[in-house]
Amino acid sequence: MLVLTALLAALLGDLAVVAQDSDYGSSPPVYPSPQTQGIGWEAAFARAEAFVANLTLEEKAQLVTGTSGPCVGNIGAIPRLGFDGLCLQDGPLAIRQATYASVFPAGLTAAASWDKSLMYLRGLYMGAEFKGKGSHIALGPVVGPLGRTAYGGRNWEGFSPDPYLTGVAVGETITGMQQGGVQACLKHYIGNEQETQRNPSLSPDNVTIESFSANIDDRTMHELYLWPFANGVKAGVSSIMCSYNRLNGSYACQNSKSQNGLLKEELGFQGYIMSDWGGTRSGLASINAGLDMTMPGMHFFFSGDSTASLFGGNITTAVNNGSLSETRVDDMILRILTPYFFLQQDEYPPIDGEEPTLNSRFPPYKYQFNLGASNVDVRDGHGQLIRDLGSAGTVLLKNVDNTLPLKAPTSIGVFGNDAGDVVDGLYSLGGAFGNSDGYEYGTLAVAGGSGTGRLSYLVSPLEAIKTRAAQDGTLVQYVLNNTLLSQPSTLAGVLPVPQVCLVFLKTWASEGADRAGLEADWNSTAVVTSVASYCNNTVVVTHSAGINVLPWADHPNVTAILAAHLPGQESGNSIVDILYGVVNPSGKLPYTIAHNESDYDFAPLLNSTALLETEDPNAWQWNFTEGLLIDYRHFDYENQSVAFEFGFGLSYTTFSMSGIAVQQQGASGAGGGGGPYSSNNNTTVIGATPPPPPSPGKVPPGGNPALWETLYTVTVTVTNTGGVAGAAVPQLYVSLPQVPDAEGHPTPVNVLRGFEKVLLQPGESQTVEFDLARRDLSYWDTNTQQWTIPEGSIGLNAGFSSRDFRQRTQVNVVSGW
Ligand code: NOJ
């Protein structure tokens, strides 16, 4: 019966969607599921092939079906073949539940650092910690949500709504993690841009209401949402997690277009796709649509049977009765075991013995797991990198008359419920899932849900400020109760009036819920206004799981603002290093801060009373009609003033930029070869479309290699013109001409296509190079299904933010074939 249902779904699932072609976005069927050749992992692939040859059909089903065990996700062992099973653990910034492990800065913070080497090291150290705990697969990093809406509850787990910045960040992260020894699992694929109705619900009349459908047109898919996944695949990511939501009408884990078509065919993904937990909605249909592993293995939404699996025994039945080809099952296993052998996980540390206690969701276990000593300390001095990255991801937004850095003040006031130590424990603060405001007292180092981490220690801002202030004999007074602080009379007791008042604000977010507003939580505006009316030198620090609007930013007594994001366990030390100038701020906004919350209306959450009460299973349709125009692309296209633009961030020094130059490189498809750029009007002849990709089955990870070849190198010289050493972040934006678009979507005015972080001593200059690959200069042509360089003038704008261009040039690309 089960198999029959699945078979029907396989036959009808995608066809039903094609029939509704009036829908926004479409999911044409793409079958069969492409087979991996282990490209890039050849020796490991051969080992996996040999391994598969020894498996019984039951063992094959076991290898693709999650089971109960000590980890968040588990694959059972096969002792006769020396296979110990697989341990999958959350998440993107820590081994979520583990003891004696580090809590790193969030993806958002890493993005705000704009520092590729710190992004890489964060990945490397996280990878080493997962390995030390015997976890084979880390369920991170996150690039979905990308951050279409500022209200998204999980945006902070990922990096930035800019796909280029996110793409670079995720490439560095995955490279680091896998060099650390763990398999990365890039998630959530794709269109999981909100938490509300990510999973089906039951209507008042008990009708199953389906998850929202992210309806995304082909061009927007390629240029925005798929873009960072391409970087992840190019970096050799082992696995990808399909998301809960529907995409263009089909559930993401059974969407053949996105899984077979985009990921495995177009991007040449050689690894495996696993479901999000409970995200598998069918057996055979999902397998044929490209899903390779179901997690946690057993589940039916709204069914009482928590042990039933859509895979497992149904796979053996389906193979035996001829409805599923064993070759496809073998391909699933090859995809799973090739990265396992590539990373030499057949010789791996045992699972930390404490894990069964930390994750006791599904005992008793069906299989034996290889458990080792308990509470292994894997932190290995990673606190220093965490401290450095916490500072590097802090953005200085305002600094009137050099308020910062502090210069041995005689007295400091510390205010706000984000300043002190936590009082609700070190794990699952504020309730693990949902809770809109989190916990009241204590600094926010990390947000909630499966992307959180168990803190083994936490340095609060107040603690670090007290320690540092003691060196200068500075008086430190503090009030941490926001309810009291929002009443100005409270401050009358703070005497003498501090020379500088530091206000710490926080903004909670968590998996399972979206944000209700964009101001910081807990009466933040009243708190700032109250402190600023008492203290004419008020410095505001935000610890936030995403974008905050700052209604008080222009208050004359607010003399400095720092967006400190989610810094992880060294929070207090990271911020003190910035406040006292031990570290010169060099973080830049990885998103736009608009003047008002209503300015973000272009990409609202999908949520309404009508939807919440609907009896229509298909009611939740979310059309991504703004196309490419999210975040700064929207504000730039509308020529709208913003409070602080994408890429912006101040320093304690100043920088200049000069001497932009362009050099054409000798990539294939670039007419005229390489050499210094010599033409008078910067006109070059380059094939508008890349040389064709390798034939199906031969496409390497990342897709057509020609898309990654450098066509031009742009150089600028950056100089530190101020009095102290500091790091600049020169940025390159590309301005493509408008092109015909099936949905009528405009091309963004400017898109980020290069950045570097350079440390400069006072007076020092450095020349910075930005390599522009073919993909960077192309749009996705939906007619030809090709990345295409538009004809006409392409603007190249270099500067220090998306609205602070210092050097401009252009190239005119003429189609040469
Ligand atoms: C569901 C979340 O969406 C996913 O990110 C996480 O890895 C799994 N739960 C396992 O905790």
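What counts and what doesn't
Residues numbered from 1 in each chain as written. Predicted model: local features only at pLDDT ≥ 70, side-chain atom pairs only at ≥ 80, totals over all residues. Heavy atoms only, no water. Axes fitted to C-alpha atoms, helices over the stretch in contact; angles between N-to-C directions. Helix = DSSP H or I, 4+ residues; strand = E, 2+ residues; numbered from the N terminus. Parallel < 35°, antiparallel > 145°, perpendicular 65-115°, else oblique. Left-handed = near helix turned anticlockwise from the far one by under 90°. Contact = heavy atoms within 4.5 Å. Disulfide = S-S within 2.5 Å. Buried < 20%, exposed > 50% of the residue type's maximum accessible area, 1.4 Å probe, protein only. Pairing = 2+ DSSP bridges. Phe/Tyr/Trp six-rings, centres within 6.5 Å; stacked < 30°, edge-to-face > 60°. 1 Å grid on protein atoms, 1.4 Å probe; cavity = no way out; pocket = protein on both sides within 12 Å on 5 of 7 lines; lining within 4 Å. Points joined across faces, edges and corners; volume = space filled by probe spheres on them. Nonpolar A, V, L, I, M, F, W, Y, C, P; charged D, E, K, R; others polar. Domains from an automatic or database assignment. Near = heavy atom within 4 Å. Polar contact = N/O pair within 3.5 Å; in protein donor to acceptor, adjacent residues only side chain to side chain. Areas by Shrake-Rupley, 256 points an atom, 1.4 Å probe, with all protein chains shown as cover. Buried area = accessible area lost by both parts, 1.4 Å probe. Salt bridge = Lys/Arg side-chain N within 4 Å of Asp/Glu carboxyl O. Core = buried A, V, L, I, M, F, W, Y, C linked by side-chain atoms within 4.5 Å.

**Let's talk about the packing of helix H14 (residues 383-392) against helix H18 (residues 571-579)**
Thinking step 1. Where H14 contacts H18, the axes come no closer than 8 Å and their chain directions differ by 50°. It follows that H14 is oblique to H18 by the angle criterion. Taken as a pair, H14 and H18 cross one another with a handedness that is right-handed. Between H14, through Ile 386, Arg 387, Gly 390 and Ser 391, and H18, the contact on the second element is made entirely by Asn 573, Ser 574, Asp 577 and Ile 578.

**Considerations on the state of the cysteines**
Thinking step 1. Throughout the structure, instances matching the rule amount to three disulfides.
Thinking step 2. In this model, Cys 242 is linked to Cys 253 through a disulfide, with the two sulfur atoms separated by 2.0 Å. The disulfide joining Cys 242 to Cys 253 has a torsion of about 105° about its S-S bond and is therefore right-handed. Of this pair, Cys 242 sits in strand S8 (residues 239-242) while Cys 253 is found in the loop between strand S10 (250-251) and helix H9 (256-266), placing the two residues eleven residues apart along the sequence.
Thinking step 3. Taking the relative accessible area as the measure of exposure, Cys 242 reaches 0% and is therefore buried.
Thinking step 4. Of the residues examined, Cys 253 reaches a relative accessible area of 1% and is grouped as buried.
Thinking step 5. Sulfur-sulfur distance for the disulfide between Cys 501 and Cys 535 comes to 2.2 Å. Disulfide Cys 501-Cys 535: torsion about the S-S bond near 105°, hence right-handed. Separated by 34 residues along the polypeptide, Cys 501 in strand S15 (residues 500-507) and Cys 535 in the loop between helix H17 (524-534) and strand S16 (538-544) bring together distant segments of the chain.

**Quick look at the sheet that holds strand S4 (residues 183-189)**
Thinking step 1. Spatial ordering of the open sheet is given by S1-S2-S3-S4-S8-S11, a layout of six strands whose pairing is mixed. In this open sheet, the two strands that pair with only one neighbour each are strand S1 (73-75) and strand S11 (272-275). Within this sheet the neighbouring strands show an average axis-to-axis angle of 25°, counted without direction.
Thinking step 2. The strands touched by helix H6 (residues 163-179) within the sheet are strand S3 (137-139) and S4, with S4 carrying the most contacts at an inclination of about 145°.
Thinking step 3. Packing of helix H12 (residues 326-342) onto the sheet brings it into contact with strand S2 (86-90), S4 and S11, and relative to S11 it is tilted by some 110°.

**So, the packing of aromatic side chains**
Given two aromatic rings, their pairing is described by the distance between the two centres and the angle made by the two planes.
Thinking step 1. In the structure shown here, the tally under the stated rule is 23 aromatic pairs.
Thinking step 2. Relative to Tyr 340, the ring of Phe 83 has its centre 5.4 Å away and its plane inclined at 65°; by these criteria the two rings are edge-to-face. Note that Phe 83 is positioned in the loop between S1 and S2 and Tyr 340 in helix H12, a separation of 257 residues in sequence.
Thinking step 3. Accessibility expressed as a relative area gives 1% for Phe 83, which makes it buried.
Thinking step 4. Ring centres of Phe 602 and Phe 635 lie 5.6 Å apart, and the angle between their planes is 90°; on these two criteria the pair is classed as edge-to-face. Pair noted here: Phe 602 is in the loop between H18 and helix H19 (609-612) and Phe 635 is in helix H20 (residues 632-637), with a separation of 33 residues, a long-range link. Like Phe 635, Phe 602 is buried.

**Comments concerning empty space enclosed by the protein**
Thinking step 1. All told, the structure shown has five cavities of 30 Å³ or more when counted by the stated rule.
Thinking step 2. Here the largest cavity is characterised by a volume of approximately 130 Å³.
Thinking step 3. In terms of lining, the largest cavity is formed by 16 residues, of which the most central are Gly 147, Asn 155, Pro 161, Ile 547 and Tyr 591.
Thinking step 4. Of the residues belonging to the lining of the largest cavity, the class tally is nine nonpolar, five polar and two charged.
Thinking step 5. Mapping the lining of the largest cavity onto the domain boundaries places at least three of its residues in each of domain 1 (43-199 + 207-359) and domain 2 (383-591).

**Points about the site of the ligand**
Thinking step 1. Contacts to the ligand come from 14 residues, most closely from Asp 90, Arg 154, Lys 187, His 188 and Asp 276.
Thinking step 2. Taking His 188, its side chain carries an N or O atom lying 2.7 Å from an oxygen atom of the ligand.
Thinking step 3. Measuring from an oxygen atom of the ligand, one finds a side-chain N or O atom of Arg 198 at 3.4 Å.
Thinking step 4. Bound to the protein, the ligand loses 94% of the 290 Å² it would expose on its own.
Thinking step 5. Looking at the shell around the ligand residue by residue, the class counts come to five nonpolar, two polar and seven charged.

**Focus: helix H11 (residues 313-320)**
Think of an α-helix as turning once every 3.6 residues; residues three or four places apart then point the same way.
Thinking step 1. Residues Asn 314, Ile 315, Thr 316, Ala 318 and Val 319 constitute the buried set of H11.
Thinking step 2. Gly 322, located one to two residues past H11, shows a positive phi value of around 85°.

**What to know about the domain arrangement of the chain**
Thinking step 1. Partitioning the chain into structural domains gives domain 1 (43-199 + 207-359), domain 2 (383-591) and domain 3 (653-666 + 686-813).
Thinking step 2. Distance between the C-alpha centres of domain 1 and domain 2: 34 Å.
Thinking step 3. Counting from both sides, the interface comprises 43 residues of domain 1 and, opposite them, 45 residues of domain 2.
Thinking step 4. Here domain 1 packs against domain 2, burying approximately 3300 Å² in sum over the two surfaces, 64% of which is carbon and sulfur.
Thinking step 5. Between domain 1 and domain 2 we count two salt bridges in total.
Thinking step 6. For Arg 198, the salt bridge is made with Glu 511, and the minimal N-O distance between the two is 2.9 Å.
Thinking step 7. At the boundary of domain 1 and domain 2, one finds 17 residue pairs in polar contact (both at pLDDT 80 or more).

**A word on the sheet that holds strand S7 (residues 213-215)**
Thinking step 1. Taken together, the four strands give an open sheet; going across it, the order is S10-S9-S7-S18, and neighbouring strands pair in mixed fashion. Of all the strands in the sheet, the pair left with one neighbour each is S10 and strand S18 (621-623).

**Topic: the packing of H6 against helix H8 (residues 227-234)**
Thinking step 1. Look at H6 against H8: their axes get within 8 Å of each other, and the N-to-C directions meet at 20°. Comparing their axes, H8 and H6 come out roughly parallel. Where H6 crosses over H8, the two elements pack in a sense that is right-handed. For the pair formed by H6 and H8, the contact residues are Pro 163, Tyr 164, Thr 166, Gly 167, Val 168, Val 170, Gly 171 and Ile 174 on the first element and Trp 227, Pro 228, Asn 231 and Gly 232 on the second.
Thinking step 2. Looking at the contact of H6 with H8, its residues break down into seven nonpolar, five polar and no charged.

**Concerning H8**
Thinking step 1. Among the eight residues in H8, seven count as buried, and that is most of the element.
Thinking step 2. Burial in H8 covers these residues: Trp 227, Pro 228, Phe 229, Ala 230, Asn 231, Gly 232 and Val 233.
Thinking step 3. Positioned one or two residues after H8, Gly 236 has a phi angle of 90°, which is positive.

**Remarks on the nonpolar core**
Thinking step 1. Ranked by internal contacts, the top residues of the largest apolar core, which has 203 residues, are Met 274 and Leu 397.
Thinking step 2. At eight residues, the largest contribution of residues to this core is made by H12.
Thinking step 3. Aside from chain neighbours lying at most four places away, what touches Met 274 is Leu 88, Ile 137, Leu 139, Cys 185, Ser 239, Ile 240, Met 241, Cys 242, Leu 291, Met 293 and Met 295.
Thinking step 4. One finds Val 414, Ala 419, Ala 560 and Ala 564 within the second-largest nonpolar core, a separate group that totals 26 residues.

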